[in-house]
Every structure is written in structure tokens, then in C-alpha cells.
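Structural description and commentary
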Amino acid sequence: MNGESIRVAVLGAGAVGCYYGGMLARAGHPVTLIGRAPHVEAFEKSGLRFEGLKFDERVAVEASTKAAAVRGAQLVLFCVKSTDTDAAAAQIAPFLEPDAIVVNLQNGVDNTERILGVLQTAQVSCPVVPAVVYVATEMAGPGHLKHHGRGDLVIGSLDRKATLDILQRVQRLFAAASVPVTISGDVASGLWEKLVVNCAYNALSAIAQLPYGKLIRGAGIREVMRDVVEETLAVAKASGIPMAPDMLARVTKIAEAMPTQYSSTAQDIARGKPTEIDHLNGFVVRRGEALGIATPANRALHALVKLLESKRVA
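**A word on the overall build of the chain**
For the chain, the count of helices and strands is 12 helices and 10 strands. Taking 2.2 N^0.38 as the reference for a compact globule, 314 residues should give roughly 20 Å; the C-alpha atoms of the chain span a radius of gyration of 19 Å, in line with that estimate. Considered along the principal axes of its C-alpha atoms, the chain spans approximately 50 × 40 × 35 Å. Accessible area of the chain: about 13,300 Å², with a carbon and sulfur share of 53%. Distance between charge centres in the chain, computed from 33 positive and 30 negative side chains, equals 4 Å.

Okay, structure coming up:
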């Protein structure tokens, strides 16, 4: 990975996977996007339409609906929904190359451990690098990625396989593709910080079907976000996770940085798709119950999104 072209596979070619896979493809790496049939058909016909902040172009990619398409890849971007983590990890395990690096770009705080557990059971020893993702994107149509803002990553290690050398190789690869990457000595806290942000925005954006900039101006919304943040921080503290003291201010600034972004949960609800809410606010509720911490704001948002989800998916 030292300046040479490497083969990349993106498992779960939705908005996040297409953004990072597309950036790597633009940098000259052969990239295979693995996703749903409508997107794959569009990729095969005319490439990935990458509507960026400073460009709008067609990016040449390979595409497949099969998990086996990770075969031959030295870098695998793991981007499926949290609900599909275990099944997807099991599907790719037989086809991972011995020298492959898996970079986990999912929401949630426990998915990397879940992937590692599945690979260990399958006797696959690839390192899995957790990444905290800060990018505003959406799939505006089949094969059409629209970028709204940011695009940086924070990576780290949760086990001895993801060594500093591996992290630096991943960092250099993305940096050469114009993707800023920070290596953190405490990526677990970074994942929890992202969870705080997701819990504050995702459900509310989904319920209101509003982008962050308009959402945060709603009457009482900042107060609801404050309650959600305080509950999630209490659960994090009880879980032994150190958190920044200014998390509420950081959460508020997200609306300024990504005013036009709808949450992934909002996009799922609008399209009648299952959401990841069980792994966001729902995760906080379950962990809070286990630790004896009340989480009424998270519980209410989780219940409302589940109600919308059942209505739309049905």
C-alpha cells in the first residue's frame, strides 16, 4: 500500500461506501462496489455518478451483488447496516485474502468486535480497523452518490492485529485519495462520540423528515437533544468510556457543518427500509437498563422510530 495501486472492495455500496470507494477509485485504485441490484446495474452501465462539492463526474468501478466479490481485495471497506453485520461478515469470511485489511465504516460502537468474533470463528485472521466516519452523503438515485459535506475518518485499534504499521498504511492510502484520516489512541471514545451525535440527530431527523439545519431550529429540539446527549454520556461513563466535556457543543456544531444533511435513519424511513435505530438509541436504552441508568429521551425516540419503521416497511 505504499503508493502502488491496490484492489479495493466495498461491502455495502450505499452512500458511505460509495463515497470512500469512489474517492479511492478516483485516485486510481481498482474498486469493486458490492451492493443491491439497482445500484449495481447502474454502476455496470455507466459507472458511479459522484456528485461532489467541487465536481460531478462518472467514476469507473466494478460492481457485484455477491459477497464473494471481495476475493482478491487487499482492502475491504465494511459498510453494511449494523443489523446485517454478523451475516455479512460470515459471507465474506471464506473469500478474504490472507493479507487483506478490513476497515469498518459502520455506525454503532460494537460492530468491530462482532466482525472480529465472526472471523475468528471462521479461522480468518485479517485485521479489522474501526473507523469513526464523519461524512454527509446520500444516494440520490440508482448509482448516484451526492456528497453534502466533510469526509474525514478517525481510525484506531481494538485488538493487537490492527498494529500501528497497518493503521499508518491505511492512513497513507486514504490521504493519497484526498481523504483526511486521523489515527487515535482511543478510537473507542471516538465511536461513542459518534454514537452521541447519531442519537441526537438520527431519530429526530427521521421523525420530522428534516435536514439538520432546519431541525435544530425547531421549538424545543435543542432541549430534547440535550436530554439525549446527557443520557448517552451517562451510559458511556458507566461503561468506562472517557468522553469530551464539550460534547453538547460538538453536537450542536454538526448542524452548522451539515445543514442540508438528512440522517441515514431519515433516508431509510423515507424509502420504506429498515433502520439502524436498534443500534443507536436502542443500544443506549439496552445498555442503560443493564447498568441501571434511566434513558427516557432515548427510549421515546427509539419507540417512535420503530413505530414509523413498522408502518413504512409494512
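**Concerning the packing of helix α3 (residues 85-92) against helix α4 (residues 111-121)**
Where α3 meets α4, the axes come as close as 9 Å, and the angle between the chain directions of the two elements is 40°. With respect to α4, the axis of α3 lies oblique. Helix-helix and strand crossings are classified by hand; for α3 and α4 the assignment is right-handed. In contact with T85, D86, A89 and A90 of α3, α4 contributes N111, R114, I115, V118 and L119. When grouped by side-chain class, the residues that make up the contact of α3 with α4 number 5 nonpolar, 2 polar and 2 charged.

**Brief notes about the nonpolar core**
Of all hydrophobic cores here, the largest spans 43 residues; its most connected members are Y20 and L77. Sort the elements by how many residues they give to this core and helix α1 (residues 15-26) lands first, with 7 residues. Ignoring any residue separated from it by four or fewer positions in sequence, one finds Y20 in contact with L77, L105, V133, Y134, V135, G151, D152, L153, F174 and V179. In terms of nonpolar packing, the next biggest core, distinct from the first, is built from 39 residues, Y134, A200, V228 and V235 among them.

**Digging into α3**
Buried residues of α3: T85, A88, A89 and I92, and no others. Down the axis, α3 shows its buried residues gathered within 100° of arc, on one side only. Among the structural elements, β1 (8-11), β6 (75-78) and α4 are those in contact with the buried residues of α3.

**Things to note about α1**
The end-to-end C-alpha separation of α1 is 16 Å, in line with the 16 Å expected for 12 residues at 1.5 Å each. Of all 12 residues that make up α1, 10 are buried, and the element is covered over most of its length. Looking only at α1, the buried set comprises A15, G17, C18, Y19, Y20, G21, G22, M23, L24 and A25. Of the residues flanking the end of α1, it is G28, one or two places downstream, whose phi is positive at about 105°.

**Focus: the pattern of salt bridges**
Taken as a whole and assessed by the stated rule, the structure comprises 16 salt bridges. Its salt-bridge partner being D56, residue R49 comes within 2.7 Å of it at the nearest N-O pair. When its relative accessible area of 26% is taken as the criterion, R49 is described as partly exposed. Put simply, E138 and R271 hold a salt bridge, and the shortest N to O gap is 4.0 Å. Linking E138 in strand β8 (residues 128-141) with R271 in the loop between α10 (264-270) and α11 (281-291), this pair joins segments that are 133 residues apart in sequence.

**Things to note about unusual backbone geometry**
Unlike most non-glycine residues, R150 shows phi in positive territory, near 55°. Phi is positive for S178, which is not a glycine, with a value near 65°. Mapping S178 onto the fold places it in the loop between α5 (164-175) and β10 (181-183).

**Examining the packing of aromatic side chains**
Any pair of aromatic rings gets described here by the distance separating the centres and the angle formed by the planes. Counted under the stated rule, the structure contains 6 aromatic pairs. A connected cluster of aromatic rings, assembled from ring pairs, spans Y19, Y20, F50, F55 and F174. Taking the ring centre of F55 as reference, the NZ or CZ of R26 above it sits at 3.7 Å. For the cation-ring pair, K194 lies above Y134, with the distance from its terminal atom to the ring centre recorded as 5.6 Å.

Each value, and the rule that gives it
- Residues numbered from 1 in each chain as written.
- Predicted model: local features only at pLDDT ≥ 70, side-chain atom pairs only at ≥ 80, totals over all residues.
- Heavy atoms only, no water.
- Helix = DSSP H or I, 4+ residues; strand = E, 2+ residues; numbered from the N terminus.
- Rg over C-alpha atoms; globule rule 2.2 N^0.38 Å.
- Areas by Shrake-Rupley, 256 points an atom, 1.4 Å probe, with all protein chains shown as cover.
- Lys, Arg positive; Asp, Glu negative; His and termini not counted.
- Charge placed at Lys NZ, Arg CZ, Asp CG, Glu CD.
- Axes fitted to C-alpha atoms, helices over the stretch in contact; angles between N-to-C directions.
- Parallel < 35°, antiparallel > 145°, perpendicular 65-115°, else oblique.
- Left-handed = near helix turned anticlockwise from the far one by under 90°.
- Contact = heavy atoms within 4.5 Å.
- Nonpolar A, V, L, I, M, F, W, Y, C, P; charged D, E, K, R; others polar.
- Core = buried A, V, L, I, M, F, W, Y, C linked by side-chain atoms within 4.5 Å.
- Buried < 20%, exposed > 50% of the residue type's maximum accessible area, 1.4 Å probe, protein only.
- Arc of directions from axis to C-beta.
- Expected span 1.5 Å × (residues − 1).
- Salt bridge = Lys/Arg side-chain N within 4 Å of Asp/Glu carboxyl O.
- Phe/Tyr/Trp six-rings, centres within 6.5 Å; stacked < 30°, edge-to-face > 60°.
- Lys NZ or Arg CZ within 6 Å of the ring centre and 35° of its normal.

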